[in-house]
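# Report on the structure
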Amino acid sequence: MSIPILETCRKRKRRPKLFGLHSFGEPGCPINPTGPFRDNIRCFLQQCAEPEDYCVKGMPIWCTLLVRDKTSVVPLYTIEESVNHSLNPFCDHCRCTGWSNHLVSKRKYHVVIPNDRDWNKPLEDNVLNIHSHLLHGLIHCNGFGHLLCINGVEGGSKYLYGREIMDLWDRICEILRARKISVEDASKKHGMDLRLLHGVAYGHTWFGRWGYKFGRGSYGVLEENYDKAIEILSSQKLDKIIQDFSDREQSRQIKCTVQHYRDLSESQLVTIRDLFKFMLTVKSHSALQKKLVAATTAPSASVQKKSIRISFHKKDNSKEKYMRCKRFTNVIAHMDSRWPAKRLEFAAEVIVDALKEHKSEVGHGGMTRQDLRDAARIHIGDTGLLDYVLKSMNNVIVGCHIVRRGINSARVLEYTIHDIDNPVKVSEAKEEIYQKPLPDVLPAPVPGTDVYNDVVYLYNNTLLNYPESDLLELATQAVLDSKHFVKDQPFRDEDDQLLRFFCRVKPRLFEVENMSTETSRTGELVIVQLHATVHDLKQAAEKALRDTYCIMDKFVVTEIDNLGEMEDRDVLFGALESGEEILVGGSGIDLDSNLRHEGGSGNWIVRCECGARDDDGERMVACDICEVWQHTRCCGIEDSEAVPPLFVCPGCCIPFGPPMTDSPLAFQNSDDLLLDSATVYGMDFEYENCIGLLQ
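Residues numbered from 1 in each chain as written. Predicted model: local features only at pLDDT ≥ 70, side-chain atom pairs only at ≥ 80, totals over all residues. Heavy atoms only, no water.

### Side note on the overall build of the protein
Of regular secondary structure, the protein possesses 20 helices and 30 strands. Across the 695 residues in the protein, those meeting the buried criterion constitute 48%. With an accessible surface of roughly 35100 Å², the protein has 49% of that area assigned to carbon and sulfur atoms. (Helix = DSSP H or I, 4+ residues; strand = E, 2+ residues; numbered from the N terminus. Buried < 20%, exposed > 50% of the residue type's maximum accessible area, 1.4 Å probe, protein only. Areas by Shrake-Rupley, 256 points an atom, 1.4 Å probe, with all protein chains shown as cover.)

See below:
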């Protein structure tokens, strides 16, 4: 079966439009629009895409065919979502990015490349909720958008690499003149958060290669905190690290690993940034990889021999005992659970599928409890259920697999999956089997055998579990709490016979009781002819605002502040500079509409001790008295814990009596929380000196 749009073109007796994957979106290829995004996207759909003969929940679809090579054609779908007819008119991504105060745009455009296996199928009704797409981007008609997911070869694609897809997305945004694009970087590889690894190695995230910079931090993290945290972590001296680990069991392994890559490098490796950057370079360059393999197999490598002897020296035990493994269905039969057995079994199957997928991608190793929990949460929202099942999964049989739990070389709890191959003994009831047990602690990787194993080992020890360093722990947490990154496309004024202005509505027009949220100060791009009059500019501004925002559908422009005493028939040329911002006034704004701000119509208040004053996408709880929202983590509620049915914040507890213990918070009054130097990110440490370094 071929791609659906090809069948549609045959029925219409039209030759399909084909474009090169790697050249699509280059300047002038295939179009070169110079207008605002709302106009450019229409031009794109008209000239570069074919309309499909079906819709998804009433939303029209266009398809663009991109040729990668002689054997593969990649379908790029564009879906137009009308906000007035949408079940989800507001944008959660805008809210978490800090764009809650943006006016609701009339249209959203979804750019989707499905997973390889779905290229020959029509799009399903739930296409906008699938997380396995190779690419899913969303751009509002005002030019602000979000990169929602990207999955290359390591994410399940057989043909496209992540960099190829990211290059394509970046070129599409560039040619359509999107204004700002955000991304929530939660990407992981081998259990490592890439925003932390790449931040230390390169000074920016993986998305930073395409110009994405710090946009907004969670838990009150500011840009200066993030920059300082990256500087602190990346400037660690390797010799200092070796010295700090000298009295710990990881000492010899870390020392051997550092020395191995110092011997391999032609330049001097001084800091942890130098080391990580070199190790990632070795992994990505085949020439250096061959050199690495040659070095690791050399018989004269005394350090290598020593590390092998240290890592794999084990006592021979021919009488090794066998471990009993029970079937999960029998384990839960004896458990007093508030969840039915079917839900427990389903959760176990989801966990097994996540372990199998990880093993197929990586080929070895297991998943930490947190990574496994995060992977399962995509399918199961009940975190209490996941925690309950994970706690009971150790040496259990689910289907044809055994799930085991142990401590890895970084002293972190890890889950692994194993096939049931030739069990030594199966009981008569077939309820349990006996197999050889795994060691309590997995052997440390041999330096140079697998670069990523070495990176993971250093990542876990020098970034996540550095001994007795509050400053490094605080810096690591600050980087991990920074997930939202934004690419800002600068304005370009073309060398043509047109004038361009950014049109913004006067703020006083929104200063009414039912518009309590401050409206964004972003303006809309308006283009007029070189010899246009004031009246022409008013009409162009009115048309642009009506076409873009829901509450502006009947807006009438009556005045422009920047023009002083000029009349409608006067020519603009010479009175305003192209690229200038203009303030317009008028009437007809629908202030009673529910579709006002992208953050929604609710007037909820966020005021957390970490400094957050708006929703940042993290888990929150509201006080049942003052109804102010705070982070559960900052309130001491773990992610694995359910939110209590009744929650009262510390400020509202004061009238009822003194606190049971000394609180690290001091209050000026019930509405003004002052953060003491002993409380940062919900952790009780003496950070008086550390905080100053991050500010």
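From this point, the discussion proceeds with the structure in view.
### Quick look at the sheet that holds strand β24 (residues 605-606)
Taken in spatial order, the three strands of this open sheet run β24-β26-β25, and their pairing is mixed. With partners counted over all chains shown, the strands left at the sheet margins are β24 and β25 (620-622), one partner each. Relative to strand β26 (residues 628-631), β25 runs antiparallel, the two being bridged by three bridges. Following the sheet pairing, Val621 is matched in β26 by Gln630. (Pairing = 2+ DSSP bridges.)

### Considerations on the environment of Asp481
Considering the arrangement of structural elements, one finds Asp481 in the loop between α17 (470-480) and β19 (484-488). Residues Asp481 and Tyr226, spaced 255 residues apart in sequence, show a C-alpha to C-alpha distance of 8.9 Å.

### Side note on the confidence of the model for the protein
Mean pLDDT over the protein stands at 80; residues scoring 70 or higher make up 80%. In the predicted structure, residues 298-322 sits below a pLDDT of 50 and forms 29 contacts with residues beyond four places in sequence or in another chain. (pLDDT = per-residue confidence, 0-100. Contact = heavy atoms within 4.5 Å.)

### Examining the sheet that holds strand β21 (residues 524-529)
Read across the open sheet, the four strands follow the order β21-β20-β23-β22; overall the sheet is mixed. The strands lining the two open edges of the sheet, one partner per strand, are β21 and β22 (556-560). In this sheet, adjacent strand axes meet at a mean angle of 45 degrees when their direction is disregarded. Inspection of the sheet shows strand β20 (residues 498-505) paired to β21 by six bridges, in the antiparallel sense. Residue pairing across strands places Leu499 opposite Val528, the latter belonging to β21. Its contacts with the sheet place helix α18 (residues 534-548) against β20, β21, β22 and β23 (581-587), and it is angled at close to 145 degrees to β21. (Axes fitted to C-alpha atoms, helices over the stretch in contact; angles between N-to-C directions.)

### Here's the deal with a negative patch on the surface
Side chains of Glu349, Asp353, Glu357 and Glu361 sit close together on the surface and give a patch of like negative charge. Within the element layout of this structure, Glu357 appears in helix α13 (residues 341-362). (Patch = residues over 30% accessible without salt bridge, like charges linked within 9 Å, V, L, I, M, F, W, Y side chains within 5 Å. Salt bridge = Lys/Arg side-chain N within 4 Å of Asp/Glu carboxyl O. Lys, Arg positive; Asp, Glu negative; His and termini not counted. Charge placed at Lys NZ, Arg CZ, Asp CG, Glu CD.)

### What about the nonpolar core?
With 84 residues, the main nonpolar core has Phe24, Met166, Trp169, Tyr212, Leu275, Phe276 and Val455 as its most contacted residues. Apart from residues lying up to four places away in sequence, Val455 is in contact with Met192, Leu197, Phe276, Met279 and Leu280. Counting residues in hydrophobic clusters, the runner-up holds 30 residues, among them Val534, Leu537, Met552 and Ile582. (Core = buried A, V, L, I, M, F, W, Y, C linked by side-chain atoms within 4.5 Å.)

### So, the environment of Leu238
Following the sequence through the fold, Leu238 ends up in helix α7 (residues 238-244). Judged by relative accessible area, Leu238 falls into the buried class, the value being 1%. The sequence separation of Leu238 and Ile254 amounts to 16 residues, and the corresponding C-alpha distance is 9.7 Å. Beyond its immediate sequence surroundings of up to four residues, Leu238 is in contact with Val258, Arg262, Leu269, Val270, Thr271, Ile272 and Leu275.

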